[in-house]
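Fold and geometry: a report
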Amino acid sequence: MKKYIAILGFGVVGSGCAEVLAQSKKLISDRLGFEIEPKYILDLRDFPDSPYADRIVHDYDIILSDPEVELVAEMMGGSHPALEFSLAAMKAKKSVVTSNKEVVATHGLELLECARENGVKYMFEASVGGGIPIIHTIDTSLVQNDITEIDGILNGTTNYILTRMNSAGVAFDDALSEAREKGYAEADPSADIDGIDACRKIAILAALAFGKLIEPEKIHTEGIRNLDSTDVKNAASAGYAIKLIGRTFSDNGRICAYVCPMLVPASDPLCTVNDVFNGIKVNGDAVGEVMLYGRGAGKMPTASAVVADIVNILSGSGVDYSWERAKDSDILGFEAVSSRHYIRVTGECGCLSGFEKIADGAYITSEMSEADAALLEKRLEESGVRVEARLRVLG
Ligand code: HSE
């Protein structure tokens with residue numbers, strides 16, 4: 001028996017999805033008793049040299065009106081028209097899977113409600129962690145756990161850039177070009193380097209863990225654009241690696257989520273996550289700490305996660321989500337977050353003498369809130385000391 005799907009967007013991930021389906025055809029058929037066939041591929045472009053050339057369509061109505069198409073795999077990226085196309089598919093009683101973190105993080109509530117109303121599924125394994133099955137793990141294997149915290153390296157491009165800068169001395173722009181050539185970066189790579197992509201992913205993870213979707217604009221987000229190589233070297237000399245970390249935790253019923261570059265100590269397994277790899281640590285009340293590791297971006301790993309959702313839905317084991325919108329009173333602001341801070345200054349000031357000095361002008365403070373760290377920074381500036389960098393330390 002054959003089950004038919006349609007692919008929306010034949011770019012890096014969309015073409016990877018067709019490839020994974022082709023190479024796993026027999027495996028899926030042996031394991032599940034049916035074959036999965038992409039009947040249509042929607043794209044603005046033609047692909048005359050592709051083995052899928054005869055399935056390319058430019059008119060979405062052909063897909064919507066074909067009752068044989070049970071599921072639509074949206075890999076277009078961006079919010080529009082991905083949102084409208086996904087809603088239209090579900091209203092036509094077709095389930096939707098996506099790799100599109102932007103549309104899930106910004107319009108997830110509307111999409112999930114539409115899925116519920118139409119008795120279909122909306123699933124998004126590939127939206128976080130590339131090929132890592134983090135969403136399925138939280139939904140199924142960890143369902144019996146009250147999740148207290150998730151910390152992760154959630155963006156492959158920035159992790160690749162940081163690794164290349166740190167271990168091979170490659171300049172930032174060259175490392176970014178490499179990541180683009182490898183198909184890791186977003187269409188607009190500022191979404192990667194400014195932390196926006198990781199912010200969307202931590203919003204999705206927080207919603208999975210705590211049932212409430214925080215609007216990405218309400219999540220404190222810093223990227224790696226202004227990271228100075230002096231700080232990368234200082235951190236390395238003291239046994240830390242600087243990583244772009246997405247973190248979410250619950251505190252007395254309130255949810256905190258943020259993204260920023262952090263000093264990760266060598267004792268933390270996230271410290272050894274390099275290149276395009278992502279690592280995601282989940283803390284559950286019964287299981288304790290679990291970490292998942294794998295390729296966080298790239299054609300085939302991301303396509304593998306898309307196909308996992310397709311298989312789950314077509315075999316009848318899809319998941320229904322019921323998230324709520326996080327109200328302001330549900331959110332713990334970033335200023336309340338407490339951590340140790342790495343501070344690099346130019347000039348001398350007694351108020352740093354009590355802290356650990358790790359390099360010339362570079363200190364690691366004791367634990368303090370963001371508000372107190374900002375006050376310390378102000379005191380330093382007032383006493384004529386220039387604060388060149390302030391970063392948080394994980395753990
Ligand atoms: N640009 C993203 C990354 C792709 O580098 O992680 C995978 O979501």
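In this text the structure is predicted, and so the values were computed from the model without any measurement.

**A look at the site of the ligand**
Inspection of the region around the ligand gives Lys101, Asn155, Gly156, Thr157, Tyr184, Ala185, Glu186, Asp192, Asp197, Lys201, Gly296 and Ala297 as its neighbouring residues. In this structure, Tyr184 approaches the ligand through a main-chain N or O atom, which is 2.7 Å from a nitrogen atom. Glu186 is positioned such that a nitrogen or oxygen atom in its side chain is 2.6 Å from a nitrogen atom of the ligand. Starting from 260 Å² of accessible surface for the ligand in isolation, the protein chains cover 93%. Using a 2 Å cut-off from the grid points, one finds that the ligand occupies the largest pocket. Within the residue set of the shell around the ligand, elements represented by two or more residues are helix H7 (156–168) and helix H10 (196–210). Grouping the constituent residues of the shell around the ligand by class yields three nonpolar, four polar and five charged.

**Here we look at helix H11 (residues 229–237)**
Within H11 the residues assigned to the buried category are Asp231, Val232, Asn234 and Ala235. All buried residues of H11 lie within an arc of 165° about the axis, which places them on one face of the element. Those residues of H11 that are exposed and aimed more than 90 degrees away from the buried face are Lys233 and Ser237. Directly beyond the C-terminal end of H11, a positive phi value near 90° is found at Gly239.

**Description of helix H1 (residues 12–23)**
The terminal C-alpha atoms of H1, which comprises 12 residues, lie 16 Å apart, in line with the 16 Å expected from a rise of 1.5 Å per residue. Residues of H1 that are buried sit in contact with strand S1 (2–8), helix H2 (25–32), strand S2 (35–42) and helix H12 (299–314).

**Focus: the domain arrangement of the chain**
Taken domain by domain, the chain comprises domain 1 (2–133 + 302–325), domain 2 (143–295) and domain 3 (337–393). Distance from the C-alpha centre of domain 1 to the C-alpha centre of domain 2: 26 Å. Tallying the contact residues gives 21 residues for domain 1 and 22 residues for domain 2. Taken over both partners, the interface formed by domain 1 and domain 2 buries close to 1,700 Å², and the fraction arising from carbon and sulfur atoms is 70%. Between the two partners, domain 1 and domain 2, sit three salt bridges. Between Glu102 and Arg200 there is a salt bridge whose closest N-O contact spans 3.6 Å. The interface formed by domain 1 and domain 2 includes five residue pairs in polar contact (both at pLDDT 80 or more). Taken together, the elements giving at least two residues each to the side of domain 1 that touches domain 2 come down to helix H5 (101–118) and strand S14 (324–325). For the side of domain 1 that touches domain 2, the element with the highest residue contribution is H5, accounting for seven residues. Partitioning the side of domain 1 that touches domain 2 into residue classes produces 10 nonpolar, seven polar and four charged.

**Observations regarding the nonpolar core**
The nonpolar side chains of a soluble globular protein tend to be buried with one another. Counting 113 residues, the largest nonpolar core has Ile63, Tyr122, Phe124, Ile134, Leu205, Ile310 and Trp323 as the members making the most contacts within it. With 11 residues, H10 is the single largest residue contributor to this core. For Trp323, the contacting residues outside a window of four places in its chain are Val104, Leu109, Leu112, Phe124, Ile204, Ala207, Leu208, Gly211 and Leu213. Judged by nonpolar contacts, the second largest core, of 17 residues, contains Ala241, Phe277, Phe334 and Leu394.

**Topic: the sheet that holds strand S6 (residues 122–123)**
Judged by pairing direction, the sheet is parallel, and its six strands sit side by side in the order S3-S2-S1-S4-S5-S6 without closing on themselves. For this open sheet the edge positions go to strand S3 (56–57) and S6, each flanked by a neighbour on one side alone. In this structure, strand S5 (residues 95–98) lies alongside S6, joined through two bridges in parallel fashion. Each bridged residue has a counterpart across the sheet, and for Val96 the counterpart in S6 is Tyr122.

**Considerations on the pairing of strand S13 (residues 288–295)**
In terms of strand pairing, strand S12 (residues 277–284) meets S13 through eight bridges, oriented antiparallel. Its bridge partner being in S13, Gly284 is matched across the sheet by Gly288. Where S12 hands over to S13, the hairpin turn is made up of three residues, counted between the paired strands.

**Some thoughts on the pattern of salt bridges**
According to the stated counting rule, one finds 33 salt bridges in the structure shown. Here Lys299 makes a salt bridge to Glu19, at a shortest N to O gap of 2.8 Å. Residue Lys299 is found in helix H12, and its partner Glu19 is found in helix H1; the two are separated by 280 residues along the sequence. Residue classification places Lys299 among the partly exposed positions, given a relative accessible area of 29%. Between Lys39 and Glu68 there is a salt bridge, with its nearest N and O atoms 2.5 Å apart. In this pair, Lys39 sits in strand S2 while Glu68 sits in the loop between helix H3 (60–64) and strand S4 (69–74), placing the two residues 29 residues apart along the sequence. Owing to a relative accessible area of 24%, Lys39 belongs among the partly exposed residues under this scheme. Through salt bridges with shared partners, one network takes in Lys2, Lys25, Glu37, Asp54 and Arg55.

Analysis parameters
Residues numbered from 1 in each chain as written. Predicted model: local features only at pLDDT ≥ 70, side-chain atom pairs only at ≥ 80, totals over all residues. Heavy atoms only, no water. Near = heavy atom within 4 Å. Polar contact = N/O pair within 3.5 Å; in protein donor to acceptor, adjacent residues only side chain to side chain. Areas by Shrake-Rupley, 256 points an atom, 1.4 Å probe, with all protein chains shown as cover. 1 Å grid on protein atoms, 1.4 Å probe; cavity = no way out; pocket = protein on both sides within 12 Å on 5 of 7 lines; lining within 4 Å. Sits in = over half its atoms within 2 Å of the grid points. Helix = DSSP H or I, 4+ residues; strand = E, 2+ residues; numbered from the N terminus. Nonpolar A, V, L, I, M, F, W, Y, C, P; charged D, E, K, R; others polar. Buried < 20%, exposed > 50% of the residue type's maximum accessible area, 1.4 Å probe, protein only. Arc of directions from axis to C-beta. Expected span 1.5 Å × (residues − 1). Contact = heavy atoms within 4.5 Å. Domains from an automatic or database assignment. Buried area = accessible area lost by both parts, 1.4 Å probe. Salt bridge = Lys/Arg side-chain N within 4 Å of Asp/Glu carboxyl O. Core = buried A, V, L, I, M, F, W, Y, C linked by side-chain atoms within 4.5 Å. Pairing = 2+ DSSP bridges.

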